[in-house]
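Chain residues, written in single-letter form:
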Amino acid sequence: MADLPLRPQSLVVAAGRPPRAGGGPLNTPIVLAAPLHHGSGAIYTRHDGSDTIGSFEQAVGVLDGGEAIAFASGMAAVSAISEALPVGTVAVVPTAAYSGTLANFGEQQRLGRMALREVDITDPDAVVAALDGADLLWLETVTNPLLGVVDVPRLVAAARERSVVTVVDATFSTPLGFRPLEHGADVTLHSATKYLGGHSDLLMGVLVTGSQQRARELRERRAMTGAVPGALECYLALRGVRTLAVRFERAQASAGELARRLAADPRVTRVRYPGLPDDPGHAVARRTLDGFGAMIAFEIAGTAADAERLCESLRLITHATSLGGVESLIERRARHALDAERGTPPTLMRLSVGIEHVEDLWADLDRALAAGQ
Ligand SMILES: Cc1ncc(COP(=O)(O)O)c(C=O)c1O
């Protein structure tokens, strides 16, 4: 397939399939085995993976332009980076980003393994000012949950000039919206639990790198820490990848429409969505991303309890954490202590727009906003 130039929308369907052999299956079977027969070199799936894991990795690797290593969750992928860094590492990390990642880095600092420089990663000058003498820069393409847009190309270039390793969590943008390795990043991270899997039925993570040596080290670490994903999860995640383009395109279109309606609604005090022309991240998003994504954050006048009531009163949209599935999910993020500590506004609701009909989604939001009046 390497000789066939395909667009990402075709790659999601075509990549990671078994060779075309007469009578052979179109999909890689679910290999349910821990040990493998001696004789070929591969002996145990924790060390060596399996065809099922490999097919998912092949597809994501092709999409992101590197070698992919799948993990048991997004956090296992985060840990594979953070716990492999030598004692004394200086890391430039976001002040506001996915709380689990920040907690993981906080723990490295608490254990005396790492010194953290916390910066607003949507402020490129602040990030560049923090890079001298650092070892690692951790970015998200679009931040969770504040939906700030990060100028990844500029920051990666500045980091490379200073030999700082960059890891970019591209979970919110997916390989369809942004491919960090094309801009010189060292590692791309996805929580495959979200858009890649796409059905809220699995936990997985994946790292992608352009360096064969780094890929080898990450595989060794995965084997050492036992963070290998299950075969069923890999099968489901690859099945999810097959429809990523259609799911993401539709969710993104609906998110744009809902964001516009919410922004025009007097019951809503603030909407954060990179596709809105007056959003602080709009110009960077236009320049760097293919599409504005399917995540919206909005706030209402009133209290945290009012926002919780709004989430509860929705009937089509589900009140639950996580994102990136076919079903729309909403959550008041400051209900999590770590997000509240990081300054997430008390009524900010993070809406992951799914693939339901946009008018049904709007009717649900409109009814819930009216009920709160
Ligand atoms: C941006 C981001 N990165 C990483 C993670 C961690 O992924 P997982 O829940 O698969 O461990 C999440 C989870 O919400 C996330 O939103």
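Notes on the structure in this doc start here. Since the model is a prediction, treat every value here as computed from it, not as a measurement. (Residues numbered from 1 in each chain as written. Predicted model: local features only at pLDDT ≥ 70, side-chain atom pairs only at ≥ 80, totals over all residues.)

1. Regarding helix α3 (residues 51–64)
The terminal C-alpha atoms of α3, which comprises 14 residues, lie 20 Å apart, in line with the 20 Å expected from a rise of 1.5 Å per residue. The buried fraction of α3 amounts to 11 of the 14 residues, a majority that puts the element mostly inside the structure. The set of residues buried in α3 consists of T52, I53, S55, F56, E57, A59, V60, G61, V62, L63 and D64. Taken together, the buried residues of α3 touch α1 (8–14), β1 (67–71), α8 (174–177), β6 (187–191), β7 (205–209) and α10 (231–242). (Helix = DSSP H or I, 4+ residues; strand = E, 2+ residues; numbered from the N terminus. Expected span 1.5 Å × (residues − 1). Buried ≥ 20, exposed ≤ 12 C-beta atoms within 10 Å, placed from the backbone. Contact = placed C-beta atoms within 7 Å.)

2. Some thoughts on the site of the ligand
Around the ligand sit 14 residues in total, of which S73, G74, M75, S191 and T193 are the nearest. When residues of the shell around the ligand are traced back to their parent elements, those giving at least two are α4 (74–82) and α5 (99–110). Looking at side-chain class alone, the shell around the ligand contains 3 nonpolar, 9 polar and 2 charged residues. (Near = placed C-beta within 6 Å. Nonpolar A, V, L, I, M, F, W, Y, C, P; charged D, E, K, R; others polar.)

3. Thoughts on the pairing of strand β5 (residues 165–169)
Across the 5 residues that make up β5, a large majority, 4, are buried. With 5 bridges connecting them, strand β4 (residues 136–140) and β5 associate as parallel partners. Residue W138 lies in a different strand from β5, and its bridge partner there is V167. Handedness of the crossover joining β4 and β5 through helix α7 (residues 152–161): right-handed. Where β5 and β6 come together, 3 bridges link them in parallel fashion. In the sheet register, D169 faces β6, and the bridge partner there is L189. (Pairing = 2+ DSSP bridges. Right-handed = clockwise from strand over helix to strand, strands pointing away.)

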